[in-house]
Structure formats: C-alpha cells, structure tokens
There are 2 protein chains.
Amino acid sequence: MRCRLIPVARTSLVSLRRWGSVGSRQQITRRTASAETISALKELLGDRLSTSRSVLEQHGTDESYHDVTPPDAVAFVESTEEVTEVIKICAATRTPIIPFGAGTSIEGHISAVAGGVSVNLSGMNGILKLDRENMSVKVEAGVTREQLNADLRATGLMFPVDPGANATIGGMVATNASGTTTVKYGNMKTNALSLTAVMADGRIIKTGSKARKSSAGYDLTRLLIGSEGTLAVVTEVRNCMLGLLPFRVLHDHHLHLQVELRLSGVPEAEKAMICSFDKMKDAIDTCTTVMQMGIPVARMEMMDENVVDAVNRYSNLNNSLRPSLIIEHHGSANELEQQSSVVQEIARDFGAMDIEVASTSEDRKRLWSGRHSVWHAVLNQVPGSRGFSADVAVPFSKLTEAVVETQQDLKTSGLFGTIVGHVGDGNFHVLIPFTDDNKEHLGRMKAFSHRLVKRALACGGTCTGEHGIGIGKMEYLPMEHGGAVDFMYTIKKALDPQDIMNPGKIFYANDRSN
Amino acid sequence: MRCRLIPVARTSLVSLRRWGSVGSRQQITRRTASAETISALKELLGDRLSTSRSVLEQHGTDESYHDVTPPDAVAFVESTEEVTEVIKICAATRTPIIPFGAGTSIEGHISAVAGGVSVNLSGMNGILKLDRENMSVKVEAGVTREQLNADLRATGLMFPVDPGANATIGGMVATNASGTTTVKYGNMKTNALSLTAVMADGRIIKTGSKARKSSAGYDLTRLLIGSEGTLAVVTEVRNCMLGLLPFRVLHDHHLHLQVELRLSGVPEAEKAMICSFDKMKDAIDTCTTVMQMGIPVARMEMMDENVVDAVNRYSNLNNSLRPSLIIEHHGSANELEQQSSVVQEIARDFGAMDIEVASTSEDRKRLWSGRHSVWHAVLNQVPGSRGFSADVAVPFSKLTEAVVETQQDLKTSGLFGTIVGHVGDGNFHVLIPFTDDNKEHLGRMKAFSHRLVKRALACGGTCTGEHGIGIGKMEYLPMEHGGAVDFMYTIKKALDPQDIMNPGKIFYANDRSN
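Residue positions within a chain follow its written sequence, with the count starting from 1. Think of it this way: whatever chain is written first is A, whatever ligand is written first is 1, and the rest follow in order. Residue-level local features of this predicted model are given only where pLDDT is at least 70; pairs of side-chain atoms are given and counted only at 80 or more, and the full residue set underlies all totals for whole chains, interfaces and linings. To obtain the side-chain values, all non-hydrogen atoms of the structure were used and water was disregarded.

Undergrad: In this structure, what is going on with the domain arrangement of chain A? I would like to understand it.
TA: By a widely used convention, the size of an interface equals the accessible area lost when the partners come together. Residues and elements named next belong to chain A. We note that the domain assignment places domain 1 (35-122 + 487-495), domain 2 (127-239 + 255-265) and domain 3 (269-459) within chain A. Using C-alpha coordinates to define each centre, domain 1 is positioned 23 Å away from domain 2. Residue contacts follow a heavy-atom distance rule, with two residues in contact if any of their heavy atoms lie within 4.5 Å. The interface is formed by 19 residues belonging to domain 1 together with 23 residues belonging to domain 2. Taking both partners together, domain 1 and domain 2 bury about 1600 Å²; carbon and sulfur atoms supply 71% of that area. In the sections that follow, a salt bridge refers to a side-chain nitrogen of Lys or Arg positioned within 4 Å of a carboxyl oxygen of Asp or Glu. At the surface where domain 1 touches domain 2, the tally comes to zero salt bridges. Polar contact is defined as a pair of N or O atoms within 3.5 Å, subject to the rule that within protein one atom must be able to donate a hydrogen and the other to accept it, and that residues adjacent in sequence are counted only when both atoms are side-chain atoms. Scanning the region where domain 1 abuts domain 2 turns up four residue pairs in polar contact (both at pLDDT 80 or more). Secondary structure follows DSSP: runs of H or I at least 4 residues long count as helices, runs of E at least 2 residues long count as strands, and numbering of each begins at the N terminus. Every element with two or more residues in the side of domain 1 that touches domain 2 is listed here: α3 (80-92), β3 (97-100) and α18 (484-495). Looking at which element gives the most residues to the side of domain 1 that touches domain 2, the answer is α3, with seven residues. Here the bounds of each domain stem from an automatic or database domain assignment. Accessible area, probed at 1.4 Å, shrinks when two parts are joined; the buried area is that loss added up over both.

Given below as structure tokens:
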C-alpha cells in the first residue's frame, strides 16, 4: 500500500471550530453513514478507510472562515474503479459523497454539511502520460499543481493555471480555478479539455476528446468544471493543456531550429515590473487602458498599500507604500521590450512613480515571491488570525469604481482589510484577517462582504471570479443568475436524483420546487 | 411591421429533394402542428406566421446534402417575449420548435424531421448595445456576422469568429461555430459569455455575466452553446466579446496615446503569406511545428492542390498548384516581422517553395478572397452540384497522418474531393461536390465520410470540429463519447421533458433508455 500522507497543504490544524449547521437558511437533513456502509467501505478499502477523529476533522476543514464540519469516514481511493465502488456503496444507502483534494478551497466546498463520506483523491497522483507533441498531459485528479510543474520542468512545458495555493488539479477542476496567469493562459475551462468522471450511479464517463475544439454534443467537460463535486467525482484530466515555459527547451528533432531561433533572439522570455501610484484609481485606470488597447500581458496584479506593507514586512522587501501594479510580459526579447515600454508609457500617463523593472531572473522571483506570499503576509499582521477572502469580478469599465468604493467601504467599516486583484480579468479579492472570538468584528466583516458582492452584481459582475459558491455564496447565486438557477438545479436533480454528490453546496435545495 | 425578407444567405433555392424520413435508424414520430396550434400562432403573429409552401420549403433546406424537410409553419418572431409565447403555444400541443437563423448550417440542424414550427429569428437583428470599454456588444440572435462587423467598422473593434458563411450569431451559438481566426481568437464558447434564452416551458433565462470569468454555478452558457436548439431558443448574446481591428482606432480619450503609439510603431497590423510544398505532409509538418513552438498566428489555413486549382480558376489567381499554407499574423509591425520570418524559416526547413508575402492590404485581400471562395470554387468544378463537407478535428500529433491517409482514401475511392483545413486547430474539411442523381457516387461519398470520422476518432479526435451533429452525425456521437451520451440525454430530458426543442437532432432517442 502506498503511503497515505495527509496532503502537505493541509498541515495547519486550526483550532476546532463549531461542528454542525452552516447557516440559518440551510435546513439540510443529516444523512450519517450507517455502520453497514462504513463496514462495506472498510471491506473494499481496508485501512484506506479511516474514521479516526483527527482525520475526520482534517477533512472537514478547509482554509476558509467556515465551520469545521467533518465527514463520518474518509475513503482514500486509488483508482477510478475504486471511486465507482465507493459511490455504489454510498448510493445504496443515500450516503453523501464529498470529494477531497488538497483542502485548499475557501468556500466550504469540502464541509460534510449533510454527513457522509469524504473521498480523498490525493493518492491518485499519477502523471499518466505526457504528450509533448500535443502539449498536453493526462493526470490523475490528485496531482498537485506544483507536483505537475516540478515534473514538467525538464520538458520546457508548464501547466499554466496558478491559483496560488498548491491545489490538486481535480480541486481546480471542481472550482474552475484561475489566478495570476489567467489573463494570458485562461482558466481551467480553457485548459482542461477532457475528463474522466464517475457519476452518481457509479458509471464512469469520459468527456471531451484530444482535439483542441469540437462541436460534438453537449459540453459535459465545462459543465463538470466548476460544479464543485455536486454532479460527479472527477478522477482524471485526460487532456490537460500545457504552455511553453519561457526559455523553453524545444523538442529534440527541432534542436537545430531552436539554436537558430535563439541566435535570432526569438525564444520566449519574460519581463516583470512593479510600479506604484498615488491613488488606487490611477493603478486600475492603467490596467484597464492596457487591456483595452490589447497590449499582451501575462500577469497583471494589483496590490493596495496595505498589501504592499504586509508583503514588505513578511518578505523583507522595500516596495513603495502605495497602490501598486505588478505587470509581466512573456514573449520574444523584442516583443518584451516593446510591450513593456508601451505599458510604462501608459502607467506614466496615469502618474506612476517608481517604475522598477525586474530584468534579472532573481529580481523577477523576488518581485513575485512578495505577491505569492500575500495570504500569509496579511494573516501575519494579526497574530492568531485566520483569513477571509472575498472574490468578485466585474467588467473592466466598472473596475475602478468597484475597487475604489470597496476601499472606501473598508475604511468606513473600520475593518483592516487588503485588496489584491487579478485586474487583467477584472477580478479582485479582499483579504481580511479575523479571529473567532470577536463576534462583532465577524459581523462587520460579513456585512462588508455582502455589500461587496451586491456592488459587483450591480456592475454586471459575478459573486465569485474563481473561488466558487460552496456553502459561502449560496445566497448570491440566485441574485446573480435569477431563474437560471432553477435550470441548474434541474440538471443537478437529473444527474444526481438521490442528492448524494456533495449535497448542500451551490444550491439551497429548499428554495427550489422544480 | 418590419420587412420580412428571407435571409440573403438562403437565396439559392435548390431543386426540391426528397421529403420525409432522414435515415433508417431514426424512427421519429411526426408531430404535425395542429390547426389549433397554427391558428393560435396566427392570432399571436398575424402575417408573421407563414404556411406558404415556398417559405416552408426554404425553412426545411440548409446548405447540406440532407433532404428538404419543411416545417408545418414558420413564425417570424420579433422579441424574446414573443418566442416565449410561441413556445407556450407549441408546448401545449407538444409541437416541435426548430430555431432558424440564416439556414447556413450543413448537418441538417434546421430540418423539421418531426414536423412542427420553424422559429425564424432573422427579424431579431438589433445590435442592442456596444460597450466599447469592455470591448463587448449585446446583440439579438438574428444579427449576422457580416452585419455586425459592418456596424462595428468605425469603432476599431470586430467580432472575431469567422466561419466563412454569413451565419447569424444565434446560429453560430447553436453549433459552437469557429473558423479561420479561431487559432488566435477562439470559438463561440470563447467569445459569447452571456446569453438570453427561452427554455422549453417558455421561461426566459439570462446566463453568465458581464465579468470575463466566473465560478458561479453550472456553466449554462457553454451548455447552450453547441446544443443546436435542442435545449432552448437563444434570443440574445448579451456579452459578445470583440477583438481589436488591426490598425484600430483607439478610444477618444486615449487619442494622444494612440498617436504616440503609432509613431513608435506599436499599433497592430497584419501580415499574410502563402507558401506551397511538394507534399501535403510537409505543409502539415510546418503547421504543427509552428504551433508546437508557440509562434503566434492569427490564421493558418491549409489547401490541397485541388483546392488551389479550383480557387485559381474561380478567382482568377495564379497560385502554385501544390499543397499550400496561408498564414497570417496580427501584431505590431516588429512582431509581425519577427514572427513571419521565423515561420518562413520553419517552412523552408520543410521544403517550402514560392513563399509569397502579401505586404499590401490589396495583396492580402486577394489571398484571402481565394480561401473564402473555396466552397463555391469547388462546387463550380462540377456543374449542377451541391456540396458535402466533412469536418473532423484531431490532435496535432496525428494531423499529418490523418490528412495524408484521407488524401490517399479519396484517391482510392475514386472521388473528386478537396481538403482544406483550419490546421492551427487540428481541424480539416473534405469538400465533395455531388449531384443527387448519381446514387452510386453518393454511396461512395458516404462510405468515405464514415471512414474519415472513424479515422479521426481513432486518433483521439472529434467527429465534428465546428459544424455540429445535427442529423448528419448522430451515429458518431456515441462512438466519440460512449456512455457520456446517456448523461447528455439525461440533461436533454430534464430540460425539455416533452422533447419539443428541435427534436430528432444530436441523439437517437430510441437508443436511450435512461
């Protein structure tokens, strides 16, 4: 038997929070796994079925502000066929199934709100087949993003979606993850073209194909991506698109060409810079102008002054304490030069100061290490705190207004909060450190979050750009999609008539009659 | 009342083909619209409800090889609310509803195989709201691609998806259309982010949002795109993404910047070239190498020698009678220079001859006018013929093999056929002119098409890259997607329990039990 380590990303066992219900509107019936179900699973999996209290707690805990809600058992599965067997056993007694990857989601997706069995896919971490010619890879769902990229390093290819956390690819499928590089490379719907999934009756399906595009039938791939485990357990990404690493190593049989290309300066490179502004408005206006003019960027991240301060302290950096943009370009040396100088011109047009270009690889790494540490840097500001992260996306035309109003709202609410954003996608987060004991603060935080979502929806935006609905945003889904939610629920009911697939997520079942 | 012209694209009334059933496997029950239904629709629409024989025939005829299968009536609708009323009237008697745009689809999507009412959306051709700052537009489903681009010309923006035919945007949503520019700008799933649709019970939903990305709930937008009218009638694309026109006019408030940028040579431009090869294999290998090296192309089209010959005759051109590639780049002048020279180097590496660069706008237009006339140029080779178009897509690694085998198969079958391809997406078509009277030829053609699809599926590809399933490829959907088709059908049944939305398309209902 392979070693059954709990994923590294989940090490910090937070202080035990309240078990039980997750909110007043959700009256979900608990369907505890019966002794017979547990026993059947035990027979199937042996010591890969755990009911130890610490394992259960760990599987009921994500990185969010939501209550710890442990499952009744955890099944450490090793194959798609085993997932089928687990689902069949659970389906027989209408026991809920909650897929679990690395536990890095932050809207309570892995909470066992109706009880049931957590299906831990981290043991399915095989990188099954690298297909260099098609620049794609077939992976099991439990492969983590960092594992995949480490494995790919020597090939000159990379998996481009980067949500920050070291999530599993399966988890990233579940929430339709994106991140800093999405402005250039897209999100999971762009990059996961074909899946293996186990449906609520245990049947295994393969969606999509190895072709880059298709018009053959309903798009089950993109229906499952972002469905948060409520329709199926995704066990493999069969056609996971890869990008070329800057300074890539080309295929052997084109090595002579590669040499020529290197000599002519064409191979891809990357260039990053940071610039700061007096006012947040100027930073965002720079961003929207760059996007509207169609200047290619590979990443474009906004940080408010609080974030810069936190990051400076945490990573021992010395960035100017002002609203800042980090902008990165990927391309040939000439393209970089040109794109970067145009962006600098636009930034200066909006009053940018301290434009610092990271020309060496070390400078670039230092720059991004700051951005990548934001979550921990911000939490570090408030000892003993956990983090709440809001996540909205709005159209470009409303981005400045939405961010500036949000900044003002933070101030008015007396909350210490920080704003970071994948602004090239119109997506931004507000990170607020909090402690469980301060109920009044918690209340203000939730009220602020509520106003933020309403603000984003009023702009024609979305209540979640990349984190998903989980249990944290269920009330906003009908606000955003109105009657369309009824048809989402019709699909849920049709594909999972017993409501065993991650029940109590995405929809308030009680609100729906059809 | 607005003028009710039949769309221009549908002018050539072909000789009347056989009415009736569409194949031995499909035993679909005809549900003719009753006199009461017709009368209720007449009351709703007045003279915008037609039962004239010529109008019915026209609405049962697309540009494919499929039989003419007219509906019982045609409803020329003018608003989303009217579509709701039409659907409610039809639903009351389980009368089929077949959405109709420009009639340019080629897999029998608009055939009234079960009778019923054709809903002609060409009168819903309003360009409702241009949103320059978000580079998007809200359009009614009946707007045609060319109409939209003509309307946009002065803005510096363009709608980038180009399937060749002057289809309606709604029709392009129905089949998930793509085309020559997809390699750079994506297909309809990339560019139509938010829809208004009327469901089978008449309810109107709005899917998606104005944000560029979202993780909020199931992706109904991409479920409806490519569903060929079998789940809903799409009446609007609310957030239809636009691209920047090369040599674009920038927004007024950035005019000073634009001037600077123009002076520094940054504004986008386009550059196209054609090169020919001794063997098809070399052309395709050039294409796959360009893609694998990540060199940006805006279009990359392959034509076999038969196509070049047809196009030369039809458009009075003088291209070398050899397998050829047309490659276009969009970018800044410097980028173009660099990208084009690398591609030329790769092409020469594979033995390219006659590399002709179209440097002026006129040269470029002439080059593409040839490619755009392929359909008519090929049909022109066989007087009185209609066209059959195969449409498969395969992974890059298999593209050369698939195309070369297909070329050999054409020869062995004694068929006059031509191969063109959006090879940057791994997608290619075989166009075969045919006449109805030669049954033996028709049989050979169908057998060839069958082998082509099986070849593509064996490569891990898809039976349709961009045309859709319609009635022409229903037998291939289960070959491609296996048991996943059962779950597609489960969704169909859940959202359209009466089977009134374009019935008899995509699925063989009789094959499905769940």
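Picking up where we left off.
Undergrad: Sorry if this is basic, but what is going on with the interface of chain B and chain A here?
TA: In this assembly, 98 residues from chain B lie in contact with 97 residues from chain A. Here chain B meets chain A over a buried area of about 7700 Å², counting both sides, of which 59% is carbon and sulfur. Ranking the residues of chain B by area buried against chain A places B:Lys213, B:Tyr218 and B:Phe487 at the top, with a combined share of 13%. Along the contact surface separating chain B from chain A lie eight salt bridges.

Undergrad: Could you clarify how one ought to interpret the relation of the copies chain B and chain A in this entry?
TA: The operation linking the two copies of the chain is a rotation about an axis combined with a translation along the axis. Least-squares fitting of one copy onto the other uses the C-alpha atoms of those residues that reach a pLDDT of at least 70 in both copies. When chain B is fitted to chain A, the residual RMSD is 0.0 Å, and the transformation amounts to a turn of 180° plus an axial shift of 0.0 Å. The transformation just described matches what one would write down for a two-fold rotation axis. Same-surface contact between copies: 99% of interface residues of chain B are shared with the interface of chain A.

Undergrad: What am I meant to see in the nonpolar core here?
TA: The nonpolar side chains of soluble globular proteins are, as a tendency, buried together. Among buried residues, the Ala, Val, Leu, Ile, Met, Phe, Trp, Tyr and Cys ones that are joined through side-chain atoms within 4.5 Å form a nonpolar core. The classification of residues rests on relative accessible area computed with a 1.4 Å probe and restricted to protein chains. Under 20% of the type maximum is buried, over 50% is exposed, and intermediate values are partly exposed. Ranked by size, the top nonpolar core spans 191 residues in total, and within it A:Phe159, A:Met188, B:Phe159 and B:Met188 carry the most contacts. Not counting the four nearest positions on each side in its chain, A:Phe159 is found in contact with A:Arg145, A:Leu148, A:Asn149, A:Leu152, A:Ile169, A:Met172, A:Met188, A:Asn191, A:Cys240, A:Met241 and A:Leu242.

Undergrad: How should I be thinking about the sheet that holds strand β6 (residues 136-140) of chain A in this particular structure?
TA: Pairing between the strands of a sheet is mediated by backbone hydrogen bonds and can be parallel or antiparallel. Residues and elements named next belong to chain A. One bridge is not enough; two strands pair if DSSP finds at least two bridges between them. Taken in spatial order, the five strands of this open sheet run β5-β6-β10-β8-β9, and their pairing is antiparallel. Where the open sheet ends on each side, the last strands, each with one partner, are β5 (127-131) and β9 (204-206). The mean inter-strand angle of the sheet, taken between neighbouring strand axes irrespective of direction, is 15°. Both strand β8 (residues 195-199) and strand β10 (residues 232-241) contribute to a ladder of five bridges, which runs antiparallel. Its bridge partner lying in β10, Val198 is registered against Val233. Axes here refer to lines fitted to C-alpha atoms; in helices the fit is confined to the stretch in contact. Angles between the N-to-C directions go from 0 to 180 degrees. Taken strand by strand, α3 contacts β8, β9 and β10, and its axis lies near 20° from that of β8.

Undergrad: Would you mind going over the environment of A:Val420 with me for this structure?
TA: All names here are of chain A. Of note, Val420 is situated in strand β17 (residues 418-422). Classification of Val420 by relative accessible area gives buried; the value is 2%. A C-alpha to C-alpha distance of 37 Å links Val420 and Val77, two positions 343 residues apart in sequence. Residues contacting Val420, with those up to four places away along its chain left out, are Met302, Met303, Val307, Arg371, Val374, Phe428 and His429.

Undergrad: Is there a simple way to think about the UniProt feature "domain: FAD-binding PCMH-type" (unreviewed entry) in chain A in this case?
TA: As annotated in UniProt, the feature "domain: FAD-binding PCMH-type" (unreviewed entry) corresponds to residues 66-244 of chain A in the numbering used here. Secondary structure across residues 66-244 of chain A comprises 23% helix and 25% strand; the distance between its end C-alpha atoms is 38 Å. UniProt positions are given in the numbering used here, feature names are shortened, and annotations may be inferred rather than shown by experiment.

Undergrad: What exactly am I supposed to notice about the packing of helix α11 (residues 305-315) of chain A against helix α14 (residues 374-381) of chain A here?
TA: Angle between the axes and distance between the axes: these two values describe a pair of packed helices. All names here are of chain A. Contact geometry of α11 with α14 gives a least axis separation of 8 Å together with a crossing angle of 90°. Classified by the angle their axes make, α11 and α14 are roughly perpendicular. In this structure, α11 contributes Val307, Asp309, Ala310, Val311, Arg313 and Tyr314 to the contact, and α14 contributes Val374, His376, Ala377, Val378, Asn380 and Gln381. Any angle that is under 35 degrees is reported as roughly parallel, and any over 145 degrees as roughly antiparallel; angles of 65 to 115 degrees are reported as roughly perpendicular and all others as oblique.

Undergrad: Just checking my understanding: could you explain α11(A) for this structure?
TA: What sets the pattern is the α-helix's 3.6 residues per turn: residues three or four places apart point alike. Residues and elements named next belong to chain A. Of the residues making up α11, those classed as buried are Val307, Val308, Ala310, Val311 and Asn312. Where α11 is buried, its residues contact β13 (299-303), β14 (324-332), α13 (361-372), α14 and β17. Two or three places before Asn306, at the opening of α11, Asp304 has a side-chain oxygen 3.1 Å from that residue's backbone nitrogen. One or two positions beyond α11, positive phi appears at Asn316, with a value near 55°.

Undergrad: What should I look at first to understand the pairing of strand β17 (residues 418-422) of chain B in this one?
TA: Residues in a regular strand point their side chains to alternate faces of the sheet. Residues and elements named next belong to chain B. With five of its five residues buried, β17 lies for the most part within the structure. Burial along β17 is two-sided: the face carrying Thr418, Val420 and His422 and the face carrying Ile419 and Gly421 are both buried. Pairing of strand β13 (residues 299-303) with β17 involves three bridges; the strand directions are antiparallel. Within β17, the residue paired with Glu301 across the bridge is His422. Here five bridges tie β17 to strand β18 (residues 427-434), and the two strands are oriented antiparallel to one another. Note that in β18 the partner of Gly421 across the bridge is Phe428. Count of turn residues in the β17/β18 antiparallel hairpin: four residues, of which Gly426 carries a positive phi of about 70°.

Undergrad: Help me understand the packing of aromatic side chains, please; the structure alone is not making it clear to me.
TA: Residue and element names in this part refer to chain A. Geometry of aromatic contacts follows a simple scheme: Phe, Tyr and Trp rings, the Trp one being its six-membered ring, pair when their centres are within 6.5 Å, and the pair is stacked under 30 degrees between planes, edge-to-face over 60, tilted otherwise. Inspection of the entire model under this criterion finds six aromatic pairs over all chains. Ring geometry for Tyr65 and Phe388: centres 5.1 Å apart, planes at 65°, overall edge-to-face. Placement of Tyr65 in the loop between α2 (53-59) and β2 (73-76) and of Phe388 in strand β16 (residues 386-393) is noted, with a sequence separation of 323 residues between them. Of the two residues, Tyr65 and Phe388, neither departs from the other in class, the shared state being buried. Definition used: whenever NZ (Lys) or CZ (Arg) falls within 6 Å of the ring centre and also within 35 degrees of the ring normal, the charge is taken to sit over that ring. Here the guanidinium or amino end of Lys184 rests over the ring plane of Tyr185, the centre of that ring lying 5.5 Å away.

Undergrad: Sorry if this is basic, but what is going on with the pairing of strand β6 (residues 136-140) of chain B here?
TA: All names here are of chain B. When you tally the buried positions in β6, you get four out of five residues, the bulk of the element. With four bridges joining them, strand β5 (residues 127-131) and β6 adopt antiparallel strand pairing. If you follow Ile127 over to β6, its bridge partner there is Val139. The loop that links β5 with its antiparallel partner β6 comprises four residues; one of these, Met135, has a positive phi angle of about 50°. Here four bridges tie β6 to strand β10 (residues 232-241), and the two strands are oriented antiparallel to one another. Residue Glu140 lies in a different strand from β10, and its bridge partner there is Glu236.

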